[in-house]
Amino acid sequence: MPVVRNWHNDRMVIIGDAAHATAPSSGQGASMALEDAVILAKCLRDRTDTASAFAAFTELRRDRVERIVKHGARAASEKAAGPVGRVIRDTILPIMFSRAAKDGGRSMSWLQGHHIDFAEPVG
Ligand SMILES: Cc1cc2nc3c(=O)[nH]c(=O)nc-3n(C[C@H](O)[C@H](O)[C@H](O)COP(=O)(O)OP(=O)(O)OC[C@H]3O[C@@H](n4cnc5c(N)ncnc54)[C@H](O)[C@@H]3O)c2cc1C
């Protein structure tokens with residue numbers, strides 16, 4: 001499912017899968033929904049009205065979730081690869097996994113090591 005363009009109007013906002021369902025095989029949808037909840041809480045805490053909080057939430061979340069939805073879609077299609085895709089996948093994946101193992105997972109930290117500072121105010 002593609003990322004929905006409008007996540008909010010002045011009175012309501014959608015988060016989680018309703019806004020940006022990822023491919024189930026990406027294993028990131030629940031994490032994204034939880035991150036959304038934390039960021040939305042920060043926005044509601046720090047903005048004076050809901051319309052501005054919803055707009056800030058959308059701005060803060062869109063780049064990350066769009067990147068993850070794209071990454072998930074790519075990974076999902078790689079899992080159902082054709083004969084040529086299978087050869088490429090089986091050549092590349094061991095290299096990727098061995099690189100990730102060597103760097104202690106740092107190459108995947110953009111995805112799995114995302115940190116949200118709850119105390120930091122939303123500007
Ligand atoms: C097979 C599979 C494997 C997955 N594996 C992973 C994984 O390993 N890691 C990961 O992070 N994510 C995984 N996901 C994705 C993850 O499950 C979702 O991204 C996550 O559940 C989204 O949470 P959500 O709260 O946005 O939506 P949902 O969990 O779908 O919650 C929406 C809720 O709203 C309710 N609802 C719907 N309509 C109404 C209505 N009109 N009134 C009242 N209630 C309503 C629904 O019944 C539901 O309970 C997987 C998904 C699938 C399908």
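Residues numbered from 1 in each chain as written. Predicted model: local features only at pLDDT ≥ 70, side-chain atom pairs only at ≥ 80, totals over all residues.

### Observations concerning the site of the ligand
Okay, so step 1: Surveying the vicinity of the ligand reveals the residues Gly-16, Asp-17, Ala-18, Pro-24, Gly-27, Gln-28, Gly-29, Ala-30, Ser-31 and Ala-33.
Okay, so step 2: Listing elements by their share of the shell around the ligand, those giving two or more residues are α1 (17-20) and α2 (29-46).
Okay, so step 3: With four residues, α2 is the largest single contributor of residues to the shell around the ligand.
Okay, so step 4: Per-class residue counts for the shell around the ligand are four nonpolar, five polar and one charged. (Near = placed C-beta within 6 Å. Helix = DSSP H or I, 4+ residues; strand = E, 2+ residues; numbered from the N terminus. Nonpolar A, V, L, I, M, F, W, Y, C, P; charged D, E, K, R; others polar.)

### Observations concerning α2
Okay, so step 1: Given a rise of 1.5 Å per residue, 18 residues ought to cover 26 Å, and the 26 Å separating the end C-alpha atoms of α2 matches this to within 8%.
Okay, so step 2: Every buried residue of α2 is accounted for by Met-32, Glu-35, Asp-36, Ile-39, Leu-40, Lys-42 and Cys-43. Axial view of α2: buried residues confined to an arc of 160 degrees, hence all on one face. Set apart from the buried face of α2 by more than 90 degrees, the exposed residues are Ala-30, Ala-37, Val-38 and Arg-45. (Expected span 1.5 Å × (residues − 1). Buried ≥ 20, exposed ≤ 12 C-beta atoms within 10 Å, placed from the backbone. Arc of directions from axis to C-beta.)

### Quick word on the domain arrangement of the protein chain
Okay, so step 1: Taken domain by domain, the protein chain comprises domain 1 (1-80) and domain 2 (81-112).
Okay, so step 2: For domain 1 versus domain 2, the distance between C-alpha centres works out to 25 Å.
Okay, so step 3: Opposite the four residues of domain 1 that make contact, domain 2 presents four residues.
Okay, so step 4: Residue composition of the side of domain 1 that touches domain 2, by class: two nonpolar, one polar and one charged. (Domains from an automatic or database assignment. Contact = placed C-beta atoms within 7 Å.)

### Concerning the nonpolar core
In summary, soluble globular proteins display a tendency toward joint burial of nonpolar side chains.
Okay, so step 1: Membership of the largest hydrophobic core is limited to 10 residues, which are Trp-7, Val-13, Ile-15, Ala-19, Ile-39, Leu-40, Cys-43, Ala-53, Phe-54 and Phe-57.
Okay, so step 2: What Ala-53 contacts, discounting residues up to four positions off in sequence, is Cys-43, Leu-44 and Arg-47. (Core = buried A, V, L, I, M, F, W, Y, C linked by C-beta atoms within 7 Å.)

### Some remarks on the environment of Lys-70
Okay, so step 1: Within the secondary structure, Lys-70 sits in helix α3 (residues 50-79).
Okay, so step 2: Each C-alpha atom, one on Lys-70 and one on Thr-22, is 8.3 Å from the other, the two residues being 48 residues apart in sequence.

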